[in-house]
Amino acid sequence: MRNLFIFLFCQILFSNFVFSQIKIENVEEKNFLKFKILESEMIVGKFISKNADSLGFSVYNGKELPSKFSAKNRMLTLRGGFILQNIDSNENLMLVFPPIFHSCNIYLNGNLIGKRGEIEKSYTTRIHYTETYFLSPKLLNFNGLNEISIEILSRYGENYSVNGIFISNRENAEAHKAWRNFFSISFLRGMSLTSLIIFLYFFIFYFARKHQRVSYYLPFSIVCFLYSFVYLSNIASYDFTNTFLVEKISRTLLILWVFFTNFYLLEYTKITKFKNKILIALSFPTFIYISLMFLQKNIFEMFNFCNKFVFPYLFLNLFVFLSICLTYFLKKRSKTSFILLSTYVLTFSASIYDLYFAVILQAKPFVLLIPYSFFLIIVVFFFIVAWEQNDIYKISLKKLEKMVEERTQELSQQKIEYQLLFENMINGFAYHKIITDSDGNPVDYEFIKVNSEFERLTGLKSSEIIGKRVLEVLPQTEKIWIEKYGKVALTGESTEFSNFSEAFEKYYFVSAFCPQKNYFCVIFNDVSELIIAQKNLKINNQRLELLFGLSQMKNIDMQIIFEKSLDIALLMTKSRYGYIYFYDEKTQQFTLNSWSKDVMESCKILNPQTIYDLEKTGIWGEAVRQRRPILVNDFLAENPLKKGYPAGHVELFRYLTIPIFNGNEIVAVIGVANKSENYDETDIIQLNLLADSVFSISQQKEDERKIHKYTEKLQKLNATKDKFFSIIAHDLKNPFNSILGFSELLTNYAESFDSEKIIQFANAIQSSALKTYKLLENLLEWARTQTGTIEFSPEKMFIKDIFNEIKEQVEDLSTSKNISLSFETDEYSEIFADKNMLNAVLRNLITNAIKYTPKNGKIFVKSLCETKYVKISVIDTGIGMDEKHLKKLFKINEKVSTNGTDEETGTGLGLLLCKKFISRHKGEIWVESKVNEGSNFSFSIPNSKESFTF
């Protein structure tokens, strides 16, 4: 801890030593001007030609200025004399003027040689430049006294000191000026732009990776964003301009920057579980200082408020930053924690330096260190995050290596287990190689490997058959075995079958599959004992085949499947009549799905019911009431559950009905009747199996329908994603390349460029930034349409009002290309729409028309009211489109944005937004166009709430 405070103290001393108000070499003490001062009423130019002593001037001590007069009628005049001795009249002399807090006029021997700020408005404080003024030999008195006079006008009664003005030759003056202006506005611009890029990086990553959001990404991105504008007053108002509002905004953003720095430091370090309470506590003074800041009436009051309250608040928060980092370092003892702590120690010492000059000396320091130290915080933290991400990757790689090692061990263990399984499996197993003739037909197969169960089931010893052919070992082997196995080995198709082997006089059930071409494996069991039950097996196979056939009817309408399943139910149970009713547990109603054909032929009931209430049903409803199968083999006998059936109903003498469940819910019942034999448990089992299969198919078809629907939705989402990545990868990257390129030139070579070149580069940067902002705005708007977060509030409005509003928005754009823009609509035509969305659609279509219409062209916007819809058309005389281009419009996966007639650019999202907004209105949008003949974009929207279909 002691070493840390020693390090902090050394940093403060070093900063003061390096950045103190140093003097350039070869500047003698006598060349620094000493002034006399007079405070008077505001009369510009009054003191130039008269003797200073006679006017009441007093010696100025270089400290704060007098402020006895009213701030609104106050002028200060500084006059300093100097004598030129032993100086060649041809030597170029310069007046070196350091940064001061006032606007002023500068005179040499009564002649105006320079102006600082707007003397008429009497406002300044933002300039941080040292300037030099050439002292023309024509104005100098080489044989007598010369006088520099400075008229100072301070609007609000400022009393900041003025000193450090000296006279020197051109070489020393320009050198001093270069050193003083080394850290210029270009540095701040570059740092602000870099901070904005870092903000975009963390902001996009925070929302793009929802599944792994990092808690400190968002507050850190806000810190970067705030930094981009904290020094707006330095960047935008470096030449004595009245920027009181900008000053307020800058200092407000500085307070917010401090607050969010605490936020992300607490989130990142996680040194305390009370971080939320700490942030709430810090938010109160933050809100109070921001509120009080905006209550200040002028720049002087605001600076005094900052000196008394805001800067101490800033200093206190810097101490909090340092405390958080120190605690984090003592807890972690890592490289990143040390780097973070060192950064904030530097920032703390730099802040002491700047606050000392601003609050104590009330002067401008040689270099304002806080902007650079704050930017250092951003850059260092950015690289700390990158460093930690690299460490995470290394840890993941080690985990992956460990997983591979563990998986290798598992595979080795599985190999051992496989060998044990192979030797101890209860089925016979054999591995063979197929032998073919010259035509590729299977003629024999060779034994490669067999297990002990194979030996038991066949009576063959592995030592006697391995390496031999089957016809060599078993000459009586039937050809059918070789053909079946040959097909498996040559085609790779697996097979299962039961067959009688004359060689072993047994029935075997065999599964055969192909592990590699020309080889096959068989797994088999002795099923000879099942021959005793051959009749029952045949019946069961028949039933299974019917079920299998039913399961293959996946592309058939479900009603046909239900009707077919009812026929199978009759066949399986040997019944004459049958039915399927759907059941709804909520309404407790049965709905007829299918009757068997014989029922319809035998039934004499006129207008038979298709819907029955459960409470009105007799014995056939008991399957639902009791939630179990109901079996009655003597239907003619008296039964209290029977309610009888209407005249003309088919006569029943045996009856079986079962409920069909979906989970715990009954969804249907199947009933069969009039079997020649009694129904038994086998019939119940067969019906249950059938019902499970049928409703499984029904559920599968429903799932396929949902999957198809979800697939279409997913394809649209993928197309949207591809569009976003395409725009971000290409359209968003190009403007940034331009911004970075020109800003780098300005940063590195600003001193070598003339003002015209700098303005050219600045315009290029601004143009690229505007394009980037436009693109981001469209991307965010499109993202909001995709996620459904845009509020949709249709209302009734007059079309002419919308047209007038749109005309004001686009009139300047059309006028710039001398394009005639006309709107045609009835006086009282109405439309039922969301105003913001309709405005966005018209603005997009009209600006597109202007974009692709040459100068002196025409654009017509018309509305046509129909019965239920209003049709609005935007017609231009522009360059038009061919059929190939038309087909790509309104599609997310097509790139259709092209440059306009004056090389205007677009994002390619405008028409997609139009289509989305029109779709929300249940309307349509379409286009008609021909090359060189213009385009007609039209859309229709309901004209009343009654005709709007939600």
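Described below are features of the structure shown in this document. Computed from a predicted structure; not experimentally measured. (Residues numbered from 1 in each chain as written. Predicted model: local features only at pLDDT ≥ 70, side-chain atom pairs only at ≥ 80, totals over all residues. Heavy atoms only, no water.)

## A closer look at the sheet that holds strand β24 (residues 858-865)
In spatial order, the strands read β22-β24-β25-β27-β26; together these five strands make up an open sheet with mixed pairing. Edge positions in the sheet fall to β22 (820-824) and β26 (924-930), since each has one partner strand and no second. In this sheet, neighbouring strand axes are inclined to one another by 10° on average, regardless of whether the strands run parallel or antiparallel. Alignment of strand β25 (residues 869-876) against strand β27 (residues 934-942), held across seven bridges, turns out to be antiparallel. What sits directly across from K871, in β27, is S940. Packing of helix α22 (residues 799-816) onto the sheet brings it into contact with β22, β24 and β25, and relative to β22 it is tilted by some 175°. Contacts from helix α23 (residues 835-851) reach β22, β24, β25 and β27, with the element oriented near 175° to β27. (Pairing = 2+ DSSP bridges. Helix = DSSP H or I, 4+ residues; strand = E, 2+ residues; numbered from the N terminus. Axes fitted to C-alpha atoms, helices over the stretch in contact; angles between N-to-C directions. Contact = heavy atoms within 4.5 Å.)

## Here we look at the environment of S215
With respect to the helices and strands, S215 occurs in the loop between α3 (185-208) and α4 (217-230). We classify S215 as partly exposed; its relative accessible area is 34%. Through-space distance from the C-alpha of S215 to that of E267 is 6.4 Å; in sequence the pair is 52 residues apart. Once you skip the residues sitting within four places of it in the chain, S215 turns out to touch E267 and K270. (Buried < 20%, exposed > 50% of the residue type's maximum accessible area, 1.4 Å probe, protein only.)

## Quick look at helix α6 (residues 244-269)
Between its terminal C-alpha atoms α6 stretches 38 Å, which fits the 38 Å expected from 26 residues at 1.5 Å a residue. In terms of burial, α6 is a largely internal element, 21 of the 26 residues being buried. (Expected span 1.5 Å × (residues − 1).)

## Overview of the packing of aromatic side chains
Applying the stated criterion across every chain yields a total of 37 aromatic pairs. Taking the centre distance of 6.2 Å and the plane angle of 85° together, the rings of F97 and Y133 count as edge-to-face. With F97 in strand β4 (residues 93-97) and Y133 in strand β7 (residues 131-135), this pair connects stretches of sequence that are 36 residues apart. Their ring planes at 85° and their centres at 5.2 Å tell us that Y201 and F202 sit as a pair that is edge-to-face. Aromatic rings pair up to connect Y201, F202, Y217, F220, Y264, Y268, Y328, F381, F382 and F383 into one cluster. The aromatic ring of F57 is capped on one face by R79, whose charged end is 5.4 Å from the ring centroid. Directly above the aromatic system of F798 lies the positively charged group of K800, at a separation of 5.7 Å from the ring centroid. (Phe/Tyr/Trp six-rings, centres within 6.5 Å; stacked < 30°, edge-to-face > 60°. Lys NZ or Arg CZ within 6 Å of the ring centre and 35° of its normal.)

## Some remarks on the nonpolar core
In terms of nonpolar packing, the biggest core is built from 73 residues, with Y227, W257, Y264, L340, Y344 and F374 touching the most fellow members. Take this core: its biggest share by element is 16 residues, from helix α8 (residues 299-332). For W257, the contacting residues outside a window of four places in its chain are V223, L226, Y227, V230, F321, F374, I377 and I378. Formed by 40 residues, the second largest nonpolar core is a distinct cluster that contains L821, L842, L911 and C914. (Core = buried A, V, L, I, M, F, W, Y, C linked by side-chain atoms within 4.5 Å.)

## Here we look at the sheet that holds strand β5 (residues 103-108)
As summarised here, the arrangement of the six strands in space is β2-β1-β3-β8-β5-β6, forming an open sheet in which the pairing is antiparallel. Pairing within the sheet leaves two strands with one partner each, and these edge strands are β2 (58-59) and β6 (111-116). Of the pairings in the sheet, the one linking β5 to β6 comprises five bridges and is antiparallel in character. If you follow C104 over to β6, its bridge partner there is R116.

## Considering the pattern of salt bridges
All chains considered together, the criterion is met by nine salt bridges. E39 is the salt-bridge partner of R74, the closest N and O atoms lying 3.1 Å from each other. Of this pair, R74 sits in the loop between β2 and β3 (75-83) while E39 sits in strand β1 (residues 36-40), and the two are 35 residues apart along the sequence. Just as R74 is buried, E39 falls in that class too. Note that E585 and R627 form a salt bridge whose closest N and O atoms lie 3.1 Å from each other. Taken together, the residues span a long stretch of sequence, with E585 in the loop between β15 (577-584) and β16 (589-595) and R627 in the loop between α18 (622-625) and β18 (630-632) at a distance of 42 residues. (Salt bridge = Lys/Arg side-chain N within 4 Å of Asp/Glu carboxyl O.)

## Notes on the environment of L279
The topology assignment puts L279 in helix α7 (residues 275-293). Judged by its relative accessible area of 8%, L279 falls in the buried class. Along the backbone, L279 and F263 are 16 residues apart, and their C-alpha atoms lie at a distance of 6.7 Å. Once residues within four sequence positions are removed from consideration, L279 is found in contact with F259, N262, F263 and L266.

## Points about the packing of α23 against helix α25 (residues 910-920)
Between α23 and α25, whose axes approach to 9 Å, the crossing angle comes to 145°. Considering only the axes of α23 and α25, their crossing is left-handed. The segment α23 lies against α25, with M837, A840, V841, N844, L845 and N848 engaging G910, L911, C914, F917, I918 and R920. Here the contact of α23 with α25 is built from residues that sort into eight nonpolar, three polar and one charged. (Left-handed = near helix turned anticlockwise from the far one by under 90°. Nonpolar A, V, L, I, M, F, W, Y, C, P; charged D, E, K, R; others polar.)

## Focus: the pairing of strand β19 (residues 655-662)
Among the eight residues of β19, six are classified as buried, and the element is accordingly described as predominantly covered. Sheet topology note: the β18/β19 ladder contains three bridges and is antiparallel. For I630, the partnering residue across the bridge sits in β19 and is T657. Where β19 meets strand β20 (residues 665-673), eight bridges bridge the pair, whose relative direction is antiparallel. Among the inter-strand pairings, N662 is bridged to a residue of β20, identified as E665. Hairpin connection of β19 to β20: two residues between the antiparallel strands, including G663 at a positive phi of 70°.

## Looking at the environment of T261
Mapped onto the elements, T261 comes out in helix α6. Overall, the relative accessible area of 0% leaves T261 in the buried class. Counting along the chain gives 38 residues from T261 to V223, while the straight-line C-alpha distance between them is 6.4 Å. The residues contacting T261, other than those within four sequence positions of it, are V223, F321 and Y344.

Everything listed here is a matter of geometry and, on its own, says nothing about what the molecule does.
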